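For reference, the chains in residue letters:
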Amino acid sequence: MTSTDLRPARPFGAVGTAVVTPLTEDGHGVDLDASQQLAVHVSEHGNDLIVVSGTTGEAPTLTDVEKIELSRAVRDAVGPEVRVVAGVGTYDTAHSIDLARAHADLGLDGLLVVTPYYSKPSQAGVIAHTTAIADSTDLPVMLYDIPSRTGTALSYETLLRLGEHDRILAVKDAKGDLQQASRIMAETGLAYYSGEDALNLPWLTIGAAGLVSVVGQVAGELERLMLDAVDRSDLAGALDAHRRLVPLVDAIMAKMPGAVAAKAALALQGVLPHAAMRGPHVPADTDQLRALADAIDAADGIPSCDPTRASV
């Protein structure tokens, strides 16, 4: 064990959401007013962490200027008790460093750094890339381990190495290797956050600090109930919240891309004025909207929706 033992148990809060990026109706611009309204909505419905410019936020389609403006707008919209983290990782180390530095003075609480995608670098390359980004600002870093999208998983040895860095505090895990994560949590100061909604409860039960959810922007209250139940060792209560979430998780995460489903759900709930997407994503079709509306209305304890909303 090292000095990392002194790191906070929940360095980025507990219940987090990777929010969608509201666009103008033609999809050409970012709707900053709607982004601020969404941030406030999310913070008022169980979440104490907001992640912008992540996968769900259609980050690969956003310009650097849009990402910076989005982070600034969301930071300005919510109070200091809500943590705001911005995704700055790309497959280009120099570009990622430039993005990190551009976010350094926005009053954010951290940076999300995804494993470089498409290039499939070696583990040595991943370490060099991630360390360079972490060294480029004073902001804390959350790693994002999602090999299904990046093509490269963070190995046990790599996580041990990165866990030695003073500013690398946590891992958002969408890999699902609970055994590896249990070892890393036991041997380093890294906190883990579930990055896969279907596994939120299993992650919490093995000691994860919290979650960074897609479903959380639609059902943050239920996710808060689940986490609070785990915290007080109420397994029955946690299971009840988990089971109430299952149909919604299935509808949002298994039937269409999560970004498409989350934006459609928010529009159905009346949180967003419409569900415009940027290519290559296309909006949900009528059948998908109907099924999504049914799942939302079946999930007791969250804002309901009007499936006839013509603007969706």
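Residues numbered from 1 in each chain as written. Predicted model: local features only at pLDDT ≥ 70, side-chain atom pairs only at ≥ 80, totals over all residues. Heavy atoms only, no water.

A.B. asks: So what's going on with the overall build of the protein chain? Residues and values would help.
C.D. replies: A count of helices and strands for the protein chain gives 12 helices and 8 strands. A compact globule built from 312 residues should have a C-alpha radius of gyration of about 20 Å, and the protein chain, at 18 Å, falls within 12% of that. When the backbone C-alpha atoms are referred to their principal axes, the protein chain occupies close to 55 × 45 × 35 Å. Intrachain contacts of the protein chain at a sequence separation of at least 6 include 72% that bridge at least 24 residues. (Helix = DSSP H or I, 4+ residues; strand = E, 2+ residues; numbered from the N terminus. Rg over C-alpha atoms; globule rule 2.2 N^0.38 Å. Contact = heavy atoms within 4.5 Å.)

A.B. asks: Report on the packing of aromatic side chains, specifying residues and quantitative values.
C.D. replies: Here the structure, examined in full by the defined rule, presents 3 aromatic pairs. Summarising the aromatic geometry, the rings of F12 and Y193 are spaced 6.4 Å apart at their centres and angled 65° between planes, so their arrangement reads as edge-to-face. Here F12 is found in the segment before strand 1 (15-18), whereas its partner Y193 is found in strand 7 (residues 191-194), with 181 residues between them in sequence. Take F12: its relative accessible area is 0%, and that puts it in the buried class. Owing to a relative accessible area of 0%, Y193 belongs among the buried residues under this scheme. With a centroid separation of 5.6 Å and an interplanar angle of 15°, the aromatic rings of Y192 and W203 are classed as stacked. Taken together, the positions of Y192 in strand 7 and W203 in helix 8 (residues 200-205) put the pair 11 residues apart, joining distant regions of the chain. Pair check on accessibility: Y192 and W203 agree, each one buried. Note that K172 overlies the ring of Y144, its terminal NZ or CZ placed 4.1 Å from the centroid. (Phe/Tyr/Trp six-rings, centres within 6.5 Å; stacked < 30°, edge-to-face > 60°. Buried < 20%, exposed > 50% of the residue type's maximum accessible area, 1.4 Å probe, protein only. Lys NZ or Arg CZ within 6 Å of the ring centre and 35° of its normal.)

A.B. asks: Could you give me a rundown of the UniProt feature "active site" (unreviewed entry) in the protein chain, with the residues and numbers involved?
C.D. replies: Within the UniProt annotation, "active site" (unreviewed entry) is assigned to Y144 and K172. Despite a sequence span of 29 residues, these residues sit close together in the fold, their greatest C-alpha distance being 4.8 Å. Within the secondary structure layout, Y144 lies in strand 5 (residues 141-145). Residues contacting Y144, with those up to four places away along its chain left out, are T55, L112, V113, V114, T115, K172 and A174. Tracing the sequence through the fold places K172 in strand 6 (residues 168-173). Exposure remark for K172: the relative accessible area of 5% places this residue in the buried category. (UniProt positions renumbered as here; feature names shortened; annotations may be inferred.)

A.B. asks: Help me get a handle on the pattern of salt bridges, residues and values and all.
C.D. replies: For the coordinates displayed, the defined rule picks out 14 salt bridges. Close ionic contact of D240 with R244 constitutes a salt bridge, the shortest N to O distance being 3.5 Å. Placement of both D240 and R244 in helix 10 (residues 235-253) is noted, with a separation of 4 residues, approximately one turn of the helix. The class of D240 is partly exposed, set by a relative accessible area of 41%. Residue R244 is classed as partly exposed on the basis of its relative accessible area, which comes to 25%. Overlapping salt bridges, with partners in common, bring together D48, R224 and D228 in one network. (Salt bridge = Lys/Arg side-chain N within 4 Å of Asp/Glu carboxyl O.)

A.B. asks: Describe the UniProt feature "binding site: pyruvate" (unreviewed entry) in the protein chain, with residues and values.
C.D. replies: Cross-referencing UniProt, the feature "binding site: pyruvate" (unreviewed entry) maps to T56 and V212 in the present numbering. Sequence-wise these annotated residues cover 157 residues; spatially they are packed, their C-alpha atoms never more than 10.9 Å apart. Leave out the neighbours within four places in its chain, and T56 touches A18, V19, V20, T21, V214, Q217, A259 and A262. You can see V212 is positioned in strand 8 (residues 210-213). Excluding anything up to four places from it in sequence, V212 contacts G16, T17, A18, L49, V51, M142, K172, Y193, S194 and G195.

A.B. asks: Kindly report on the sheet that holds strand 2 (residues 49-52), identifying the contributing residues and their values.
C.D. replies: A barrel is described by the order of its strands in space; here 8 strands give the closed sequence 1-2-3-4-5-6-7-8, paired in parallel fashion. Sheet twist, expressed as the mean angle between neighbouring strand axes with direction ignored, is 25°. Bridge count between strand 3 (residues 83-87) and strand 4 (residues 110-114): 3 bridges; the pairing is parallel. Of the residues in strand 4, the one forming a bridge with G87 is L112. Sitting on the sheet, helix 4 (residues 123-136) touches strand 4, strand 5 and strand 6, and the angle it makes with strand 4 is about 165°. (Pairing = 2+ DSSP bridges. Axes fitted to C-alpha atoms, helices over the stretch in contact; angles between N-to-C directions.)

A.B. asks: I'd love a proper account of the packing of helix 11 (residues 258-268) against helix 12 (residues 286-298), names of residues and values included.
C.D. replies: The relative placement of two packed helices is expressed as an angle between their axes plus a distance between the axes. At a minimum axis separation of 10 Å, helix 11 and helix 12 run at an interaxial angle of 65°. Regarding the angle of helix 11 to helix 12, the classification is roughly perpendicular. As for how helix 11 packs across helix 12, the hand of that crossing is right-handed. For the pair helix 11 and helix 12, the contacting residues are A261, A264, A265 and L268 in the first and L289, L292, A293 and I296 in the second. Here the residues of the contact of helix 11 with helix 12 sort into 8 nonpolar, no polar and no charged. (Parallel < 35°, antiparallel > 145°, perpendicular 65-115°, else oblique. Left-handed = near helix turned anticlockwise from the far one by under 90°. Nonpolar A, V, L, I, M, F, W, Y, C, P; charged D, E, K, R; others polar.)

A.B. asks: Give me the environment of A86: which residues, what numbers.
C.D. replies: Relative to the assigned elements, A86 resides in strand 3. Aside from chain neighbours lying at most four places away, what touches A86 is V52, S71, H103, L108, G110, L111 and L112.

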